[in-house]
Amino acid sequence: MGFRCGIVGLPNVGKSTLFNALTNTAAAEAANYPFSTIEPNLGRVAVPDDRLAAVAEVVRSPEIVPTQLAFVDIAGLVAGANTGEGLGNQFLAQIREVDAIAHVLRCFDGGDVVHVAGRVDPIADAEIVETELMLADLASLERRQEAAIKRARGGDADAKTVLEVIDKAIGALGAGRPARSLALDAAERAPFDQLQLLTAKPMLYVANVDEDSAAAGNAFSRAVADRAERAGGETVVISAAIEAEVAQLANEAERREFLDALGLAETGLVRLIGAGYRLLGLITFFTAGPKQARAWTLPEGSRAVEAAAAIHTDFARGFIRAETIAWDQLVAIGGEQAARDAGIMRQEGRDYRVRDGDVILFRFNV
C-alpha cells in the first residue's frame, strides 16, 4: 500500500470533482451545493511507475502488480468545525485516519459553481481550514494536559516527557503554527505521534485552476505555492475539470494527445502522487519473477528486513539475505541471470538501507 491521502477543503472548491477524476469513478457526488460528500468516499488507484513495466519486461513476468494508494474524499469543512459547525465532527474524525492531507484550494474565477464565501481567495480558504485544525488540536491537548499533569506529579517519568511535548505543541499552536512545525528530539517523537494531532499530518496544497492555467498556473496558484514553500510543504497545480476529461478518454494514446494539446507532460494524478511520496518520504522497491513483477512502498531509510516484512512476516522472521540490484542496471544488462553472470547482483544483509528503485530477491528460511 502506498499511503492514505485525505482530500479536504471548503465546500465547492472542486474537491469531489477531483476525487472522481483521480479515482476514475463517480462514487462521490459532485454537486453545486455544500456537503455533497456526506460520508467519506474511498478510492484506490494504482501508482503509475514506468520502472515496474520495464522490470517486468526484462524478467518476463506475465503479471504486473503496482503499489496502490487510497484517496479519501472527506466532507467539506466550514468555519466553526472545531465546535461541530457544519459537518465538523465528521470531518475531524475522518481526517485522523489518513497519512497525509491534500488540501484543495479554489484557484479559478467564474464558472457555474459558487464559492461558499462568495469570493475566490485561496489563502483565506487555507487559513480557515488550518485554523479549524489548530483549534481542534488545542482543545484535544488541553484535555490531555490535565491528565498528564496529574500523572507527572505522581512521579510518572513518561508522563513528564508527554507533558513537555504537550506544552511545546500548545505553544506552537497558540502562536499560529501547526504541530508539524515542532522540532523534536528522538525521545519526544513517540509521545508526539501518540497525540495524533491533526496539524501534525503532512499537508499538500492542491491548487485547482481553470483549464487555461493548467500548464503554467496563475496568480492564485503562485500565491499558494509561496505559502507552501514558507511552510516547507508541497504544491501541485491541477485542473479538476481537465482531470475529469482525461478520466473519460478510452486509451493511453487519446490521453497523451489530449495532454500534449494542453502543454501538459503528465496527468495531475502522477504529479499528485509524486508530491505525496516526497512529502511523506516514501520510496519504491520491486520484486520480480516468473509469476509477477510487483512494486512495494516503504518509508525512506527502511532496512532490508523491514522490506521483507512488507511482503510477508515469514520473509522477515527467516531472513537470510537480500539479493539486490538497481532497476536500471537490471534492465540494461538484460535480466537476472545476466546480472548474476556479470557479478553485479549484491548480497545485502538485514540492516541494508533499501534504495528507491531496488529490485530485491529475498532469501529466507523458516
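Notes on the structure in this doc start here. All residue numbers refer to positions counted from 1 along the written sequence of the respective chain. Only residues with pLDDT of at least 70 get local features here, since the model is predicted, and only at 80 or more are side-chain atom pairs given and counted; chain-wide, interface and lining totals rely on the full set of residues. The side-chain quantities take in all heavy atoms of the structure and omit both hydrogens and water.

## What to know about the overall build of the protein chain
Phase 1: The secondary structure listing takes helices from DSSP runs of H or I that are at least 4 residues long and strands from runs of E that are at least 2 residues long, numbered from the N terminus. Counting its secondary structure elements, the protein chain contains 14 helices and 12 strands.
Phase 2: In this scheme, a residue with accessible area under 20% of its type's maximum is buried, one over 50% is exposed, and one in between is partly exposed, where area comes from a 1.4 Å probe on protein chains only. In the protein chain, which comprises 366 residues, the share counted as buried stands at 46%.
Phase 3: Residue contacts are counted whenever heavy atoms from the two residues lie within 4.5 Å of one another. Restricting to contacts in the protein chain with at least 6 residues of sequence separation, those with at least 24 account for 68%.
Phase 4: Of the roughly 17,200 Å² that the protein chain leaves accessible, carbon and sulfur atoms contribute 49%. The Shrake-Rupley method, run with a 1.4 Å probe sphere, supplies the accessible areas, and residue values consider only the shown protein chains as cover.

## Quick notes on helix α5 (residues 157-174)
Phase 1: An expected span of 1.5 Å times one less than the residue number is assigned to each helix. The end-to-end C-alpha distance of α5, which contains 18 residues, comes to 26 Å, matching closely the 26 Å that a straight helix rising 1.5 Å per residue would cover.
Phase 2: Each element contacted by the buried residues of α5 is listed here: α4 (122-153) and α6 (186-194).
Phase 3: After α5 finishes, the residue Gly-176 shows a positive phi value of roughly 85°.

## Here's the deal with the nonpolar core
Phase 1: Counting 45 residues, the largest nonpolar core has Phe-71, Ile-95, Leu-133 and Leu-272 as the members making the most contacts within it.
Phase 2: Once you skip the residues sitting within four places of it in the chain, Phe-71 turns out to touch Cys-5, Ile-7, Phe-19, Leu-22, Thr-23, Asn-41, Leu-42, Gly-43, Val-45, Leu-269 and Leu-272.
Phase 3: Remark: nonpolar core denotes a set of buried residues (Ala, Val, Leu, Ile, Met, Phe, Trp, Tyr, Cys) joined through side-chain atoms within 4.5 Å. One finds Met-134, Ala-148, Ala-169 and Leu-195 within the second-largest nonpolar core, a separate group that totals 19 residues.

## Let's talk about the sheet that holds strand β5 (residues 100-106)
Strand pairing in a sheet is mediated by backbone hydrogen bonds. Such pairs are either parallel or antiparallel.
Phase 1: Only strands that DSSP links by at least two bridges are regarded as paired with each other. Spatial strand order, β2-β4-β1-β5-β6-β7: six strands in an open sheet with mixed pairing. The open sheet has two edge strands with one neighbour each: β2 (41-46) and β7 (234-238). Averaged over all adjacent pairs, the angle separating strand axes in this sheet is 25°, with direction ignored.
Phase 2: Here strand β1 (residues 4-8) pairs with strand β4 (residues 68-73) via four bridges, running parallel. Axis geometry follows a simple rule: fit a line to the C-alpha atoms, using only the stretch in contact for helices, then measure angles between N-to-C directions, giving values from 0 to 180 degrees.

## Some words on the packing of aromatic side chains
By convention here, two paired aromatic rings are described through the distance between centres and the angle between planes.
Phase 1: Classification of ring pairs rests on two measures: the distance between centres of Phe, Tyr or Trp rings, Trp counted by its six-membered ring, which must be within 6.5 Å, and the angle between planes, read as stacked under 30 degrees, edge-to-face over 60 and tilted in between. For the structure shown, the criterion picks out six aromatic pairs.
Phase 2: Where Phe-285 meets Phe-362, the ring centres are 6.3 Å apart and the plane angle is 85°; that geometry is what we call edge-to-face. Note that Phe-285 is positioned in strand β8 (residues 282-288) and Phe-362 in strand β12 (residues 358-364), a separation of 77 residues in sequence. For the pair formed by Phe-285 and Phe-362, the shared burial category is buried.
Phase 3: Look at Phe-319 and Phe-362: their rings are 6.3 Å apart centre to centre, the planes differ by 65°, and that puts the pair in the edge-to-face class. With Phe-319 in strand β10 (residues 319-326) and Phe-362 in strand β12, this residue pair connects regions lying 43 residues apart in the sequence.
Phase 4: By relative accessible area, which is 7% here, Phe-362 ends up buried.
Phase 5: In textbook terms, an aromatic cluster arises when at least three aromatic residues are bridged by ring pairs, as seen for Phe-285, Trp-296, Phe-315, Phe-319, Phe-362 and Phe-364.

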